Amino acid sequence: MKHQPLSPGHRLFLTIAASFYILLGLVALFNSYTIGRPDQVYWFCYISLLIIGAGLLVKNGDIVASQVNILAIGIIFWCIDFFYHLATGTPLWGITDYFFVESRFLVKAVTLQHVYTLPLTLYALSLLKITRKDIWRISLIQAFLIFIIVSAFTEASSNINCVFSSCISFFDLDPYYPWAWLILVAAMIFITNAIITRLPFVQPKKPRST
């Protein structure tokens, strides 16, 4: 279903946002290699920076939504932990402890995207709209492929995407953790997809009947 054409101002906003996210993604990749940690490029948030940027650049809401499916719930937990730690000076779940001991500016600049990515992408979706309800399929395939790559080609000590062990102190289901990870990520994708595909402001407006 077609929706109303974007205004010049909205097109400019999306182009600027796309350029910013692509640049931020490239900075994240560059920084991963310069510090000798190329495995860092497999973090969901790093990959999603580039994909969100591409989706905004080509003005495709489905591409952007596929990344929101993967990131949204994790971002919410990250932000709760971050702002609690920022306000109290003490950890909550331990998710963002690294931010408060990290000294490199580029790392902090990139990781702060957790704070604004969800509202920005939802606003972008309100402009771009979505065209299908089964975007979860794309998200699920992407998450599964990254799980395989991370499990096969990265060290457990890096714990990229929390694949090898829980990033939350109270959540530990060894020796069943890999299965718990797959089930949890799939559930997060399904739940987020169900929510965003029902948001009225991301749906194309139906043409009025005459």
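I will try to describe carefully the structure that is included in this document. (Residues numbered from 1 in each chain as written. Predicted model: local features only at pLDDT ≥ 70, side-chain atom pairs only at ≥ 80, totals over all residues. Heavy atoms only, no water.)

Once that is clear, we can look at the pattern of salt bridges. Within this structure, the stated rule accounts for three salt bridges. The partner of Asp 134 in a salt bridge is Arg 132, and the shortest N-O contact between them spans 2.6 Å. Judged by relative accessible area, which is 23%, Asp 134 ranks as partly exposed. With relative accessibility at 36%, the residue Arg 132 sits in the partly exposed group. Arg 137 is the partner of Asp 134 in a salt bridge, and the nearest nitrogen-oxygen pair spans 3.2 Å. Each of Arg 132, Asp 134 and Arg 137 takes part in one network of salt bridges that share partners. (Salt bridge = Lys/Arg side-chain N within 4 Å of Asp/Glu carboxyl O. Buried < 20%, exposed > 50% of the residue type's maximum accessible area, 1.4 Å probe, protein only.)

Turning to helix H7 (residues 136-153), a few remarks are in order. For H7, spanning 18 residues, the distance from its first C-alpha to its last is 25 Å, which sits close to the expected 26 Å at 1.5 Å a residue. What H7 keeps buried is the set Ser 139, Gln 142, Ala 143, Ile 146, Phe 147 and Val 150. Taken around the axis of H7, the buried residues stretch over an arc of 140 degrees, which confines them to a single face. What points out from H7, more than 90 degrees from its buried face, is the exposed set Ile 141, Ala 152 and Phe 153. Each element contacted by the buried residues of H7 is listed here: helix H2 (44-57), helix H3 (61-88) and helix H8 (177-196). (Helix = DSSP H or I, 4+ residues; strand = E, 2+ residues; numbered from the N terminus. Expected span 1.5 Å × (residues − 1). Arc of directions from axis to C-beta. Contact = heavy atoms within 4.5 Å.)

Our next topic: the state of the cysteines. Per the counting criterion, the structure on display carries one disulfide. Linked covalently through their sulfurs, Cys 162 and Cys 167 form a disulfide whose S-S length is 1.8 Å. Its torsion about the S-S bond being -110 degrees, the disulfide of Cys 162 and Cys 167 is classed as left-handed. When its relative accessible area of 16% is taken as the criterion, Cys 162 is described as buried. (Disulfide = S-S within 2.5 Å.)

Applying the stated criterion across every chain yields a total of 13 aromatic pairs. Aromatic pair Phe 82 and Phe 100: ring centres 5.6 Å apart, planes at 25 degrees, arrangement stacked. Of the two residues, Phe 82 sits in helix H3 while Phe 100 sits in helix H4 (residues 97-101), which places them 18 residues apart along the sequence. On the accessibility criterion, Phe 82 (5% relative accessible area) is buried. Taken together, the ring pairs connect Trp 78, Phe 82, Phe 83, Phe 99 and Phe 100 into an aromatic cluster. (Phe/Tyr/Trp six-rings, centres within 6.5 Å; stacked < 30°, edge-to-face > 60°.)

A few words on the environment of Tyr 176. Following the sequence through the fold, Tyr 176 ends up in the loop between H7 and H8. For Tyr 176, a relative accessible area of 59% corresponds to the exposed category. As for Tyr 176 and Thr 121, which are separated by 55 residues in sequence, their C-alpha atoms are 34 Å apart.

Roughly 1300 Å³ of internal volume is contained in the largest pocket. Those elements that provide at least two residues to the lining of the largest pocket are helix H1 (8-34), H2, H3, H4, helix H5 (105-111) and H8. If you tally residues by element for the lining of the largest pocket, the top one is H3, at seven residues. Its residues assigned to classes, the lining of the largest pocket shows 28 nonpolar, 11 polar and four charged. (1 Å grid on protein atoms, 1.4 Å probe; cavity = no way out; pocket = protein on both sides within 12 Å on 5 of 7 lines; lining within 4 Å. Points joined across faces, edges and corners; volume = space filled by probe spheres on them. Nonpolar A, V, L, I, M, F, W, Y, C, P; charged D, E, K, R; others polar.)

So, about the packing of H7 against H8. Contact geometry for H7 and H8: axes closest at 10 Å, N-to-C directions at 155 degrees. In terms of orientation, H7 and H8 fall into the roughly antiparallel class. For the pair H7 and H8, the sense of crossing is right-handed. Taken together, the residues of H8 that come into contact with H7 (itself represented by Trp 136, Ser 139, Leu 140, Ala 143, Phe 144 and Phe 147) are Pro 178, Trp 181, Leu 182, Val 185, Ala 186, Ile 189, Phe 190 and Asn 193. (Axes fitted to C-alpha atoms, helices over the stretch in contact; angles between N-to-C directions. Parallel < 35°, antiparallel > 145°, perpendicular 65-115°, else oblique. Left-handed = near helix turned anticlockwise from the far one by under 90°.)

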